[in-house]
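# Remarks on the overall topology
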Amino acid sequence: MPRPNVLYISYDGMLEPLGQSQVIAYLEKLADEYAFRILSFEKPADRADAAKVAALKARLDAAGIIWHPMTYHKSPSVPATLFDLAMGTIMAIWLCWRHRVRIIHARSYVPALMGRIAKTLSGAKLLFDMRGLWADERTDGGIWPPGGGVYRAVKGLERRLLLASDHVVTLTHNSAREIASFDYLQGRNVRLDVIPTCADLERFRPDPEIRPDCFTFGYLGSVGTWYMFDEVLDCFALIRQHIPDARLLVVNRKEQDFIRAKIAEHGIPTQAVEITSADHRDVPKMVARMSVGAAIIKPVYSKIASAPTKLAEYLGCGVPCLGNVGVGDMKEILEDEGTGVALTGFDKTDLAAGVERLLKLAEDEGLAARCREVALRLFSLDGGVADYRRIYAGLLA
């Protein structure tokens, strides 16, 4: 029996680490049941790397996945996005007609608009994988003015996509409750599922051969826009008041000069800090060296839909996390599950109280095993694949 055809549309490139960990890793596990075509938008620099392109194509060919890369255009922002939208929509329509696509799986808003048009002309089912509240995220990040024309247009698009989609996926339970409360969805049978950002827990797992040499406060990934790195450094300074030989391990690829400047600004001795970069395959070894990981994020409205990948990676390696309330389901995961501490504020008193609770929690001998168990239950790649398999089957039924 032939596999049903699925068109997966992503505005993120498959040549980027995110595309490989958050798209391809799922589709490879579903490709025995579904015939996937990926329509993605690749950065010009990535497409120019012939070795990288060949390696990815070989990986996709081995899984039986067909890749249709298009070029991503960045500026000027709105015209470039509209151009990509037009070209992507034409390609999506052609692929749906040519290959009798049964399901269009659209990752975020721009791909979902392409998919919405292609659905109308082809009869395919549309899965809107939201990934977040895009318009609110752009406003909260200072990219679009609050209530401006672009914001209103995208919120209108969000409404049309939610009403037109055959199934919707969001990253957190808090965002699912918010979406379900939208006025225009009341009385409508909207099929809505929560699938958080998952991690490959076969790779992100405790490593018995790697242990922190001393108490190590870890930070993984970007420090810009949403991440409150000043507060991370404030917490590390407080940790050193309790544990003078504590160390800070920062794993970051592109912002190391900024990080060094911030560390100097906070008066933290350079000998107490290690700043390094790592290929994605080596990140689990870095996390295994941490006693605690940090994920302190601005608690703005749009972040109720955020599921930080680093949280799943910390917990998968048996490492507890210092986070904060107002971000996705972080409070429930850290506080209710006993896998870390969620800060309720950011003044000196709040940070000091949070650090004291964190250090007390770190003494729990069962903590690492509990973090791993929660990661397996909430963030397993296999669990996410099973959820998508169930959704696909429902759409075909």
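Just above, that's the structure.
Okay, so let's go over this structure.

### Regarding helix H1 (residues 17-30)
- Here H1 spans 19 Å end to end across 14 residues, near enough to the 20 Å set by a 1.5 Å rise per residue.
- Largest kink in H1: about 35°, centred on Ile24.
- Those residues of H1 lying buried are Gly19, Gln22, Val23, Ile24, Ala25, Tyr26, Leu27 and Leu30.
- Where H1 is buried, its residues meet strand S1 (5-10), strand S2 (35-42), helix H3 (50-63), strand S4 (103-107), helix H12 (309-316) and helix H16 (381-396).

### Details of the pattern of salt bridges
- In the structure shown here, the tally under the stated rule is 24 salt bridges.
- With a closest N to O distance of 2.7 Å, Glu28 and Arg59 form a salt bridge. Of this pair, Glu28 sits in helix H1 while Arg59 sits in helix H3; the two residues are 31 residues apart in sequence, bridging distant segments of the chain.
- Looking at Glu28, the relative accessible area reads 30%, which means it is partly exposed.
- Since its relative accessible area comes to 28%, Arg59 is described here as partly exposed.
- Across the salt bridge formed by Asp257 and Arg260, the nearest N and O atoms sit 3.6 Å from each other.

### Points about the sheet that holds strand S11 (residues 292-294)
- Taking strand neighbours across the sheet as the criterion, the six strands line up as S10-S9-S8-S11-S12-S13 in an open arrangement whose pairing is parallel. A strand with exactly one partner marks an edge of an open sheet, and here the two such strands are strand S10 (273-276) and strand S13 (340-343). Strand-to-strand twist across the sheet, computed as the mean angle between neighbouring axes with direction ignored, equals 25°.
- Two strands pair when backbone bridges link them, and strand S8 (residues 216-220) and S11 are joined in this way by three bridges, in the parallel orientation. Bridge pairing in S11 places Tyr219 opposite Ala294.
- In the packing of helix H10 (residues 256-265) onto the sheet, the strands contacted are strand S9 (247-251) and S10, and the crossing angle to S10 comes to about 165°.

Thresholds, definitions, all that
- Along each chain, numbering runs from 1 in the same order as the chain's sequence is written.
- Local features in a predicted model are, by the rule used here, given only for residues with pLDDT of at least 70; side-chain atom pairs are given and counted only at 80 or more, and totals for whole chains, interfaces and linings are based on all residues.
- The basis for every side-chain value is the complete set of heavy atoms in the structure, and neither hydrogens nor water enter the calculation.
- Secondary structure follows DSSP: runs of H or I at least 4 residues long count as helices, runs of E at least 2 residues long count as strands, and numbering of each begins at the N terminus.
- Helix span is expected to be 1.5 Å times the residue number reduced by one.
- Values of bend correspond, residue by residue, to the angle between axes fitted over the seven residues ending at that residue and the seven starting there.
- Summary of the burial criterion: residues with accessible area below 20% of their type's maximum are buried, those above 50% are exposed, and those between are partly exposed, where the area comes from a 1.4 Å probe applied to protein chains only.
- In what follows, a contact means two residues having at least one pair of non-hydrogen atoms within 4.5 Å.
- For salt bridges, the criterion is a side-chain nitrogen of Lys or Arg within 4 Å of an Asp or Glu carboxyl oxygen.
- A strand pair is defined by DSSP finding two or more bridges across the two strands.
- Angles here are taken between N-to-C directions and fall from 0 to 180 degrees, while the axes themselves are lines fitted to C-alpha atoms, restricted in helices to the stretch in contact.

In short, shape yes, function no, at least from these values alone.
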